[in-house]
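Architecture and fold: a report
Take a look at the letters that make up each chain.
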Amino acid sequence: MSESLIFHFDVDGEDFTSAGQASVQVKKNLRRLGISPEIIRQVSIAMYEGEINMVIHAHGGSADVVVNEDKIEIILADKGPGIADIELAMQEGYSTAPDSVRSLGFGAGMGLPNMKRYTDEMTIESKVGEGTTIKMVVKL
Amino acid sequence: MYAHSVELDVSKCTGCTTCLRHCPTEAIRIRGGHAVINEDRCIDCGECIRVCPNNAKKAMCSKFEHYQHYKYKIALPAPSLYGQFDNLDDVDIILQGLLDIGFDDVFEVAQAAELVTEYTRLYLKTPGIKKPVISSACPAVVRLISLRYPYLRDNLMPILPPIEVAAMMARAKAKQEHPELEDSDIGLYFISPCAAKVSYIRNGFGKYKSKIDVVISLKDVYFKLLGAMKKSETESPTINSKSGMIGISWASSGGESSAILNDKYLAADGIENVNKVLDAIENGNIPQLEFVELNACTGGCVGGVMTIENPFIARTRLHSVRRYLPVSQNRLSGDMSYVPENCYSSELPEYTPIARLSENFSESMRMMAQIEKIRSALPGIDCGACGSPSCRAFAEDLVRGMVEDVSACKVMKKCD
């Protein structure tokens, strides 16, 4: 069993143009590891959605991708406003994104549902006023 | 083995690192004082040829004068040729020029492009196909997808590019007009604007073998044509162009996609932009699109490395060339509602995981950990002096055993 690999990224807040950079970088690294294209796509979509969420709602945060022999974990942590009702936030089409963001084509309320769809496990820990940590697992 | 078309003249290469830093697939290293191309990674985009300050890189092509053995020689000019000449608004003069320099007939690739446009419109209506459909006309893009975006392989349009359709039509026309000709008498000469098309023709596509016999460079033909066209200025051409606006528009970015008569399309050009768009499609982070046209060269085919004129000037010239032409001169026959069998290409490029460190996952993990460790000790300025395109690539080259030791880095801060 080899040691797990950790890739750490800081996600810049309020900058849509840089959102998605971490997911592109992770994609490159997973290709180097020889991970299958389907898994790479799952991880990069989940990460991309997570990055966008942190930019829209939380002024950025951090993303850690941990690659183990049997799974890939993605941990997204921010110190944003927190999610008041997680169940509601998980509903497709529900969004609290401001109009300014929606006019850019984001905030369709598909972020969290997509993250769940493309990963095998997803847990959300959130406290209003303190921040949110999302852990996702994609099995290899 | 994939036969490439980018050639290096070692005696001219100074090892200056310009190409190293521009190669979009990190296929170049400087070793032993000169550039070395990794053939597995090269997509023949021609970027290194374009940026080389010493003209040490060039695209390999056949010379017309070395391929004279065909009894009946047909020129197949790419429409980008029409944008190369100053003050020229009549394509017929160029076609006449081609006859005058020794071709027996000319078949315009733009004609076939108009049919491919019609096929594309039909194909887009096929139920159940993966959208957006990505154009397969630029071979550098097709190869990039096969090396880097395996998930998007099924999005590639499974229809032969205009060059191949033109080759079939040209041969059929020649045999009809000259029944006495044997197949081996007819030579089809494609006049190419870029290196990627040369490689495509040499290698074929999966099991598909190109129907072009000889590829000659647009640059090479250009100088011969200049003389011939001056001569024919006084006499009126005996040959008439059969291309319309659509076919000629394929030469520049946006021409192919705007012709599908559907506003849900995107056209991107320049290899960096192509990568960005492919990343966005892969992540599903793109609006609902029907069709995506991607060209590795800035400006589209008029930006190919074997063209003469700057792509923006060439594009402007094409505007005046096509101004008074009909929209299209090559249409499907009235009741045709399907793409002919022989224009389909079911061959998808095979995914080659070139980036993979090792076939063994645990070994890849171990190598990656080592790369990250070495990288953190490197200066991180990506100067290229070590001969690798970035500090990260240098770390990878060390771990892969392609560089002997870390002393190749001339600006090392610390290393343990």
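For every chain, the first residue of its written sequence is number 1, and the numbers climb from 1 along that sequence. Lettering of chains starts at A and numbering of ligands starts at 1, both following the order in which they are written. Local features in this predicted model are restricted to residues whose pLDDT is 70 or higher, and side-chain atom pairs enter the listing and the counts only when it is 80 or higher, whereas totals over whole chains, interfaces and linings include all residues. Heavy atoms from the whole structure form the basis of all side-chain values; hydrogens and water molecules are not counted.

Describing the overall build of chain B
Secondary structure elements follow DSSP: runs of H or I of four or more residues count as helices, runs of E of two or more count as strands, with numbering from the N terminus. Within chain B, the secondary structure is distributed over 14 helices and eleven strands. Computed over its C-alpha atoms, the radius of gyration of chain B comes to 23 Å, within 12% of the 22 Å expected for a compact globule of 416 residues. Along the three orthogonal principal directions, the C-alpha set of chain B runs to about 75 × 50 × 40 Å. The classification of residues rests on relative accessible area computed with a 1.4 Å probe and restricted to protein chains. Under 20% of the type maximum is buried, over 50% is exposed, and intermediate values are partly exposed. Within the span of chain B, comprising 416 residues, buried residues form 59% of the whole. In chain B, 78% of the contacts between residues at least 6 apart in sequence involve partners at least 24 apart. Per-residue accessibility takes into account occlusion by the displayed protein chains alone, with areas from the Shrake-Rupley method and a 1.4 Å probe. Accessible surface, chain B: about 18,200 Å² in total, of which carbon and sulfur atoms supply 50%. All tallies of charge rest on Lys and Arg as positive and Asp and Glu as negative; His and the ends of each chain are not included. Charge positions come from single atoms, namely NZ of Lys, CZ of Arg, CG of Asp or CD of Glu. Looking at chain B, you have 47 positive and 51 negative side-chain charges, and the mean spots of the two groups are 5 Å apart. Here the globule rule is a power law, 2.2 Å times the number of residues to the power 0.38, and the radius of gyration is based on C-alpha atoms. Contact criterion: two residues are considered in contact whenever any of their non-hydrogen atoms come within 4.5 Å of each other.

Quick word on the nonpolar core
All names here are of chain B. Membership of the largest hydrophobic core comes to 90 residues, with the highest contact counts inside it found for Ile 74, Leu 76, Ile 134, Phe 190, Leu 278 and Leu 294. Here this core takes nine residues from helix H4 (residues 109-124), the largest share from any one element. Domain segmentation is taken from an automatic or database assignment of domains. Viewed by domain, this core spans two of them, domain 1 (1-60) and domain 2 (64-343), each represented by three or more residues. Residues contacting Leu 76, with those up to four places away along its chain left out, are Phe 107, Val 109, Ile 163, Ala 166, Ala 167, Ala 170, Leu 188, Tyr 189, Phe 190, Ile 191 and Ile 212. Among buried residues, those of type Ala, Val, Leu, Ile, Met, Phe, Trp, Tyr and Cys that are joined through side-chain atoms within 4.5 Å constitute a nonpolar core.

Quick notes on the interface of chain B and chain A
Contacts between the two partners involve 21 residues from chain B, matched on the other side by 24 residues from chain A. Any Lys or Arg side-chain nitrogen found within 4 Å of a carboxyl oxygen on Asp or Glu counts as a salt bridge. Our count for the chain B to chain A interface comes out at three salt bridges. A salt bridge links A:Lys27 to B:Glu282; its shortest N-O distance comes to 2.7 Å. Between N or O atoms, a polar contact is any pair within 3.5 Å; within protein, one atom must be a potential hydrogen donor and the other a potential acceptor, and residues adjacent in sequence are included only when both atoms are from side chains. In this assembly, chain B and chain A are joined by eight residue pairs in polar contact (both at pLDDT 80 or more). For the side of chain B that touches chain A, the secondary-structure elements that each account for two or more residues are helix H11 (271-282), helix H13 (361-377) and helix H14 (391-399) of chain B. Top element by residues in the side of chain B that touches chain A is H13(B). It accounts for seven residues.

Some points on the state of the cysteines
Residue and element names in this part refer to chain B. The rule for a disulfide is simple: a pair of cysteine sulfur atoms within 2.5 Å. Scanning the model with the defined rule gives zero disulfides over all chains in all. No disulfide involves Cys 301; its sulfur sits 6.3 Å from the nearest other cysteine sulfur, which is in Cys 194. Of the residues examined, Cys 301 reaches a relative accessible area of 19% and is grouped as buried.

What about the pairing of strand S11 (residues 291-295) of chain B?
Consecutive side chains along a regular strand alternate between the two faces of the sheet. Residue and element names in this part refer to chain B. Of all five residues making up S11, five are buried, and the element is well covered by its neighbours. Along S11, one buried face is formed by Phe 291, Glu 293 and Asn 295 and the opposite face, lined by Val 292 and Leu 294, is buried too. DSSP-based pairing: two strands are paired if at least 2 bridges between them are found. Sheet analysis places strand S7 (residues 133-134) next to S11, joined by two bridges and oriented parallel. Note on S11: the bridge partner recorded for Ile 134 is Val 292. Across five bridges, strand S10 (residues 265-269) lies against S11 in parallel orientation. Following the sheet pairing, Leu 266 is matched in S11 by Val 292. The parallel pair S10 and S11, bridged by H11, forms a crossover whose chirality is right-handed. By convention, a crossover is right-handed whenever its connection, traced from the first strand over the helix to the second and viewed with the strands pointing away, goes clockwise.

Some details on the domain arrangement of chain B
A common way to report how large an interface is uses the accessible area buried once the components associate. All names here are of chain B. Annotation of chain B at the domain level lists domain 1 (1-60), domain 2 (64-343) and domain 3 (357-416). Each of domain 1 and domain 3 has a C-alpha centre, and the two are 21 Å apart. Between domain 1 and domain 3, a total of about 750 Å² is buried, with carbon and sulfur atoms accounting for 43% of that surface. Linking domain 1 with domain 3 are two salt bridges, by the criterion used here. Joining domain 1 to domain 3, the criterion identifies four residue pairs in polar contact (both at pLDDT 80 or more). Broken down by secondary-structure element, the contributors of at least two residues to the side of domain 1 that touches domain 3 are helix H1 (18-22) and strand S2 (28-31). Tallying contributions element by element places S2 first for the side of domain 1 that touches domain 3, with four residues. Under the convention adopted here, Pro, Cys and the residues Ala, Val, Leu, Ile, Met, Phe, Trp and Tyr are nonpolar, Asp, Glu, Lys and Arg are charged, and Gly plus all remaining residues are polar. Class assignment of the residues belonging to the side of domain 1 that touches domain 3 gives a composition of three nonpolar, one polar and five charged. Two parts placed together each lose some accessible area under a 1.4 Å probe, and the buried area is that loss summed for both.

Brief notes about empty space enclosed by the protein
Residue and element names in this part refer to chain B. Here a cavity denotes grid points, spaced 1 Å and computed from the protein atoms alone, that fit a 1.4 Å probe unable to get out, and a pocket denotes an open set having protein on both sides within 12 Å along at least 5 of 7 lines; residues with an atom within 4 Å of a point are the lining. Grid points are joined across faces, edges and corners, and a volume is the space filled by probe spheres set on the points. In total, this model carries six cavities of 30 Å³ or more according to the counting rule given. For the largest cavity, the calculated volume is near 180 Å³. Lining the largest cavity are 17 residues; nearest its centre among them are Pro 79, Pro 162, Lys 197, Trp 250 and Cys 301. Of all elements in the fold, only H4 and helix H6 (162-177) reach the threshold of two or more residues within the lining of the largest cavity. For the lining of the largest cavity, a count of residues per class yields 13 nonpolar, two polar and two charged.

What to know about the pattern of salt bridges
Tallied over the full model, the rule gives 26 salt bridges over all chains. The salt bridge involving B:Asp397 is made with B:Arg31; its shortest N-O contact spans 3.2 Å. Here B:Arg31 lies in strand S2 and B:Asp397 lies in helix H14, a separation of 366 residues in the sequence. Overall, B:Arg31 belongs to the partly exposed group, its relative accessible area being 25%. Note that B:Arg171 and B:Asp183 form a salt bridge whose closest N and O atoms lie 2.9 Å from each other. In this pair, B:Arg171 is assigned in helix H6 and B:Asp183 in the loop between H6 and strand S8 (186-192), connecting sequence segments twelve residues apart. Judged by its relative accessible area of 19%, B:Arg171 is buried. For B:Asp183, a relative accessible area of 40% translates into the label partly exposed. Bridged by salt links that share partners, the residues A:Arg32, B:Arg392, B:Glu396 and B:Arg400 form one connected network.

Some points on a nonpolar patch on the surface
All names here are of chain B. Exposure above 30% relative accessible area and the lack of any salt bridge qualify a residue for a patch; like charges then connect within 9 Å, and the nonpolar side chains Val, Leu, Ile, Met, Phe, Trp and Tyr within 5 Å. The grouping of Phe 223, Leu 226 and Ile 308 at the surface amounts to a nonpolar patch, some 260 Å² of accessible area in total. Counting through the fold element by element, Leu 226 comes out in helix H8 (residues 218-231). Classification of Leu 226 by relative accessible area gives partly exposed; the value is 35%.

Brief notes about the sheet that holds S11(B)
Spatially, the three strands line up as an open sheet ordered S7-S11-S10 (chain B), and their pairing is parallel. Strands at the two margins of the open sheet, each flanked by one partner only, are S7 and S10 of chain B.

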